[in-house]
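Each chain, letter by letter, is given below.
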Amino acid sequence: MTTGLAWREDAACLEYPAVLFFGLDDNESAVERRSREDRAKGVCYGCTVRQECLDYALATREPYGIWGGLTEIERRSRLHRASR
Ligand code: SF4
């Protein structure tokens, strides 16, 4: 598991607004959220540090946002499956 942050220097998301990954708009509808998350995941899939990012988010139990191409719900599900 990765807990350091050096990988962030190569993060593809540095060129995008944080709202794309964290959905800071309280008025976001479910459809808008899904669309935003899909766009964020598209950035992640082309990111060279995707695995490091996902490892970090899983290790630190990041509660919000898209990390490593997964939503918070998808990460919780992965952790739950791994704990069985
Ligand atoms: S995988 Fe996604 S959230 Fe993680 S550093 Fe890359 S672009 Fe950013």
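Now for a quick tour of the structure.

Definitions and cut-offs
Residues numbered from 1 in each chain as written. Predicted model: local features only at pLDDT ≥ 70, side-chain atom pairs only at ≥ 80, totals over all residues. Heavy atoms only, no water. Helix = DSSP H or I, 4+ residues; strand = E, 2+ residues; numbered from the N terminus. Rg over C-alpha atoms; globule rule 2.2 N^0.38 Å. Core = buried A, V, L, I, M, F, W, Y, C linked by side-chain atoms within 4.5 Å. Buried < 20%, exposed > 50% of the residue type's maximum accessible area, 1.4 Å probe, protein only. Near = heavy atom within 4 Å. Nonpolar A, V, L, I, M, F, W, Y, C, P; charged D, E, K, R; others polar. Phe/Tyr/Trp six-rings, centres within 6.5 Å; stacked < 30°, edge-to-face > 60°. Contact = heavy atoms within 4.5 Å.

What follows deals with the overall build of the chain. Looking only at helices and strands, the chain features 4 helices and 0 strands. Helices and strands appear in the chain in the N-to-C order α-α-α-α. Computed over the C-alpha atoms, the radius of gyration of the chain is 13 Å, within 12% of the 12 Å expected from 2.2 N^0.38 for a compact globule of 84 residues. If you line up the chain on its principal axes, its C-alpha atoms span 35 × 30 × 20 Å.

Counting 8 residues, the largest nonpolar core consists of Trp-7, Ala-11, Cys-47, Val-49, Cys-53, Tyr-56, Ala-57 and Trp-67. Formed by 6 residues, the second largest nonpolar core is a distinct cluster that contains Ala-40, Val-43, Cys-44 and Ile-66.

As a matter of local geometry, the ligand sits amid Trp-7, Ala-11, Cys-13, Val-43, Cys-44, Cys-47, Arg-50, Cys-53, Ile-66 and Gly-68. Within the residue set of the shell around the ligand, elements represented by two or more residues are α2 (30-45) and α3 (50-59). Classifying every residue of the shell around the ligand gives 8 nonpolar, 1 polar and 1 charged.

On to the packing of aromatic side chains, then. The final tally for this structure, using the stated rule, is 3 aromatic pairs. Measuring from centroid to centroid gives 5.7 Å for Trp-7 and Tyr-56, while their planes differ by 55°, and the two rings are tilted. Placement of Trp-7 in the segment before α1 (19-22) and of Tyr-56 in helix α3 is noted, with a sequence separation of 49 residues between them. Here the two residues Trp-7 and Tyr-56 agree in accessibility, since each one is buried. Ring geometry for Phe-22 and Trp-67: centres 6.3 Å apart, planes at 80°, overall edge-to-face. Of the two residues, Phe-22 sits in helix α1 while Trp-67 sits in the loop between α3 and α4 (72-83), which places them 45 residues apart along the sequence.

What follows covers the side chain of Arg-36. Relative to the assigned elements, Arg-36 resides in helix α2. Here Arg-36 falls in the buried class, since its relative accessible area comes to 7%. Not counting residues up to four positions away in its chain, the partners in contact with Arg-36 are Val-19, Leu-20, Phe-21, Phe-22, Gly-23 and Glu-28.

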